[in-house]
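Inside the fold
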Amino acid sequence: MKISRFDKNTASGGHNDTILASEVLPEGMTAPFGHAWGYLENGGEMEGHSHPTTEVYFVFSGGGTVVVGEEKAKVSCGDVIEIPPDTYHTMICDKGEDAAFLWAALWW
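The notes below deal with the structure included here. (Residues numbered from 1 in each chain as written. Predicted model: local features only at pLDDT ≥ 70, side-chain atom pairs only at ≥ 80, totals over all residues. Heavy atoms only, no water.)

Moving on, we come to the pattern of salt bridges. Overall, the coordinates contain 2 salt bridges when judged by the stated rule. The closest approach of N and O atoms between Glu 41 and Lys 8, which form a salt bridge, is 2.6 Å. Of this pair, Glu 41 sits in strand β3 (residues 34-41) while Lys 8 sits in the segment before β1 (12-14), placing them 33 residues apart in sequence. The partly exposed category is assigned to Glu 41, whose relative accessible area is 40%. Lys 74 is paired through a salt bridge with Asp 94; the nearest N and O atoms lie 3.2 Å apart. One end of the pair, Lys 74, is in strand β6 (residues 71-76); the other, Asp 94, is in the loop between β8 (89-92) and β9 (100-107), and 20 residues separate them in sequence. On the accessibility criterion, Lys 74 (59% relative accessible area) is exposed. (Salt bridge = Lys/Arg side-chain N within 4 Å of Asp/Glu carboxyl O. Helix = DSSP H or I, 4+ residues; strand = E, 2+ residues; numbered from the N terminus. Buried < 20%, exposed > 50% of the residue type's maximum accessible area, 1.4 Å probe, protein only.)

Written out as structure tokens, the structure reads:
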């Protein structure tokens, strides 16, 4: 059995150091998709970007605002966000003083 968990102490900077990121799947496990944890603390905002692949975000804890194209929405634990190819998107942690925002991103 292999088990992995997000650990902000071992995560590295992603999206020009605007988030902490690490792989979602346990080391050595292969998948037919890309994957990463994304993590923000209160007041943080991921660098906005787009790419040519479909992407899905699964919110695991905390929450904030997601921007996909021209749309903005509040999201929290349990929400799943579809991001179409070539669409600008970002995540913003704006839930409160001690908030942290953790999501898993999958793309293919």
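After presenting the structure, the write-up continues.
Attention now moves to the environment of Gly 64. Take Gly 64: it is sitting in strand β5 (residues 63-68). Counting along the chain gives 28 residues from Gly 64 to Ile 92, while the straight-line C-alpha distance between them is 5.6 Å. Filtering out sequence-adjacent residues up to four positions away, Gly 64 remains in contact with Ala 73, Lys 74, Val 75, Ile 92, Asp 94, Lys 95 and Phe 101. (Contact = heavy atoms within 4.5 Å.)

Burial analysis of β5 places 6 of its 6 residues in the buried class, the great majority of the element. The pairing of β5 with β6 spans 6 bridges and is antiparallel. Directly across from Val 67, in β6, lies its bridge partner Lys 72. A loop of 2 residues connects β5 with β6, the two strands running antiparallel in sequence, and Gly 69 in this loop sits at a positive phi of about 60°. (Pairing = 2+ DSSP bridges.)

For β3 and β9, the ladder comprises 8 bridges, and the chain directions are antiparallel. Its bridge partner lying in β9, His 35 is registered against Leu 106.

Turning to the side chain of His 35, a few remarks are in order. Position of His 35 relative to the elements: it lies in strand β3. Within the structure, His 35 has its side chain in polar contact with the backbone nitrogen of Val 24 (distance 3.0 Å). Of note is the side chain of His 35, whose polar atom sits 3.4 Å from the backbone nitrogen of Leu 25. When near neighbours in sequence (up to four residues on either side) are disregarded, His 35 contacts Glu 23, Val 24, Leu 25, Ala 105, Leu 106 and Trp 107. (Polar contact = N/O pair within 3.5 Å; in protein donor to acceptor, adjacent residues only side chain to side chain.)

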